[in-house]
Amino acid sequence: MTDWSTLVVPALAKLEPFALGETLADVQARHGLEEAVKLNWNENLFGPLPGVVEAVRDELENLSLYPEQVNRAFCEEVAHYAGTVPERIVPGHGTLALIGSLASAFLGPGDHAVVPALSYGLYAQLSAVRGATIERVPLRDLALDLDAMARAAREKKARVVWICDPNNPTGSVVGTGEWEGFLDALPEGCVTVVDEAYIDYLPADGRAHRERDVESGRPVVVLRSFSKFFGLAGLRLGYAIVDEALAAYLGVVDEPFNVNCAGLAAGRACLRATDAAERRRSEVAEAREALSRGLREAGAEPLPAAANFVLARVDVDDLELADRLAGRGLLIRPGSDFGLPGYVRITVGPAALMDRVTAEVRDAHETLRR
Ligand SMILES: Cc1ncc(COP(=O)(O)O)c(C=O)c1O
């Protein structure tokens, strides 16, 4: 028998696959459900923007060709949307692929990477795969502690600091004043990667314009996703905004044509649906407010939220609550899954669905209260 643990790189032998929590199929089987709604993975529950499905269908005419032209057109349109130039756009098959590419570009055995604890788990995982040592910096009041992260980066001479803004799973947003001070406090030779997977939920005037940091030559990389606000999770599409010289290095790390033509065409169509996107942003904000209000009325304590999910402290066991809602066809994420017992994270969906969820949470609070 081959012992694969002796053949994979040493870092890999010590790691477990990333835990996604229970899948839809698992829950349906466990509860004998015909149908269930996923409010546990922060997917887009509002459906694609107008013109997206048609654009994908049209692009399928080209499926026998490598996606060269559509790739170039995508970079041009994204650059226009993001306020930068096409040479600074690096597409990837999801933000996750780009997190891996950046980890490969900057990290190896003996290097240190700073991550917030709690945040999206893949920064630590994909850095550790490259052999890096992970420095976890606790949150302060459930928000990123940028001072402590910069301190950890200086102490460990970290090569990379991973930032998630808005942060998953807490929903906290980094203030623009705070951001400048943070960059100044980092040591020489340290790259900041900011995952802005949820940034499109914020109104344009509420966003940090980090493309300007890239433009001004700071060691900053910005990551964006089409999975969340634009609802293309199944097509796997994201992009990085980087310095041109780094784009060339990422071109070495990534295989050419790593994003498929349907995904790229869908991304372009999303960016063209500007009016619908604006309306969608308001619709999500209203639904998010309704969810937070309903949760408060149900006896939970929702945190301020800016994206398509709400983290709330609950007065009952989070695992029991999630299980009870799952039994009624509503999948929510118990905080115990990511080290925050006593909290649940719920994806924002259309208003009627939010009413259903908050009614169930109210019911559960009445019957399960400790
Ligand atoms: C913070 C964050 N970054 C990245 C991702 C994954 O993005 P993508 O689908 O673009 O790979 C997620 C998905 O939940 C996320 O929450």
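Every value quoted in this text rests on a predicted model; they were computed, and no experiment measured them.

Asks: Whenever I open this one, the pairing of strand 4 (residues 133–138) confuses me. Can you help?
Replies: In the case of a regular strand, side chains alternate between the two sheet surfaces. Note that strand 3 (residues 112–117) and strand 4 share six bridges and pair parallel. Looking across to strand 4, one finds that V114 is bridged to E135. Regarding the hand of the β-α-β motif, the stretch spanning strand 3, helix 6 (residues 122–129) and strand 4 is right-handed.

Asks: Could you clarify how one ought to interpret the sheet that holds strand 1 (residues 37–39) in this entry?
Replies: Note on sheets: strands pair through backbone hydrogen bonds, and any given pair is parallel or antiparallel. In space, the five strands of this open sheet follow the order 1-11-12-10-9, with mixed pairing throughout. Bordering the open sheet on either side are strand 1 and strand 9 (301–302), each of which pairs with just one other strand. Sheet analysis places strand 11 (residues 330–334) next to strand 12 (residues 343–347), joined by two bridges and oriented antiparallel. Note on strand 12: the bridge partner recorded for R333 is R345.

Asks: What exactly am I supposed to notice about helix 5 (residues 95–106) here?
Replies: Taking 1.5 Å as the rise per residue, helix 5 with twelve residues should run 16 Å; its terminal C-alpha atoms sit 16 Å apart, in good agreement. Counting buried positions over the twelve residues of helix 5 gives nine, a clear majority of the element. Residues T95, A97, L98, I99, G100, S101, L102, A103 and F106 constitute the buried set of helix 5.

Asks: Explain the nonpolar core here, please?
Replies: It is characteristic of soluble globular proteins that their nonpolar side chains tend to be buried jointly. Counting residues in each nonpolar core, the largest one holds 89 residues, and the members touching the most others are V161, I163, F182, F226 and V357. For this core, the leading source of residues is helix 11 (residues 261–272), giving eight residues. When residues are assigned to domains, this core turns out to be shared by domain 1 (4–47 + 275–368) and domain 2 (52–273), each giving three or more. In this structure, F106, A132, I134 and V242 belong to the second largest nonpolar core, which totals 28 residues.

Asks: Looking at this structure, how should I read the domain arrangement of the chain?
Replies: One can read the domain layout of the chain as domain 1 (4–47 + 275–368) and domain 2 (52–273). On a C-alpha basis, the centres of domain 1 and domain 2 stand 24 Å from each other. On the side of domain 2, 27 residues touch domain 1, which itself brings 27 residues to the contact. Between domain 1 and domain 2 the total buried area reaches about 2,200 Å² when both faces are included, carbon and sulfur atoms providing 65% of it. Counting every contact that joins domain 1 to domain 2 gives zero salt bridges. One can count eleven residue pairs in polar contact (both at pLDDT 80 or more) joining domain 1 with domain 2. At the level of elements, helix 1 (10–13), helix 12 (274–297), strand 10 (309–313) and strand 12 are the ones that each hand at least two residues to the side of domain 1 that touches domain 2.

Cut-offs applied
- Each chain has its residues counted from 1, running along the sequence as written.
- With pLDDT at 70 or above as the cut-off, local features in this predicted model cover only qualifying residues; side-chain atom pairs require 80 or more to be listed or tallied, and sums for whole chains, interfaces and linings still use all residues.
- Side-chain calculation: all heavy atoms of the structure are included, whereas hydrogens and water are not.
- Strands are labelled as partners when DSSP assigns at least two bridges between them.
- The secondary structure listing takes helices from DSSP runs of H or I that are at least 4 residues long and strands from runs of E that are at least 2 residues long, numbered from the N terminus.
- By convention a crossover is right-handed if, when the strands point away from the viewer, the path from the first strand over the helix to the second runs clockwise.
- Every helix has an expected span of 1.5 Å times one less than the residues it contains.
- Under the scheme applied here, a residue whose accessible area is under 20% of the maximum for its type counts as buried, over 50% as exposed, and between as partly exposed, the area being computed with a 1.4 Å probe on protein chains only.
- As used here, the term nonpolar core means buried Ala, Val, Leu, Ile, Met, Phe, Trp, Tyr and Cys residues forming a set that is joined through side-chain atoms within 4.5 Å.
- By convention here, the domain bounds are inherited from an automatic or database domain assignment.
- Should any heavy atoms of two residues lie within 4.5 Å, those residues are counted as being in contact.
- As a working definition, buried area equals the accessible area (1.4 Å probe) given up by two parts on being put together, with both sides summed.
- Salt bridge criterion: a side-chain nitrogen from Lys or Arg within 4 Å of a carboxyl oxygen from Asp or Glu.
- Pairs of N or O atoms are called polar contacts if they sit within 3.5 Å, as long as, within protein, a hydrogen donor faces a hydrogen acceptor (for residues adjacent in sequence, only side-chain-to-side-chain pairs).

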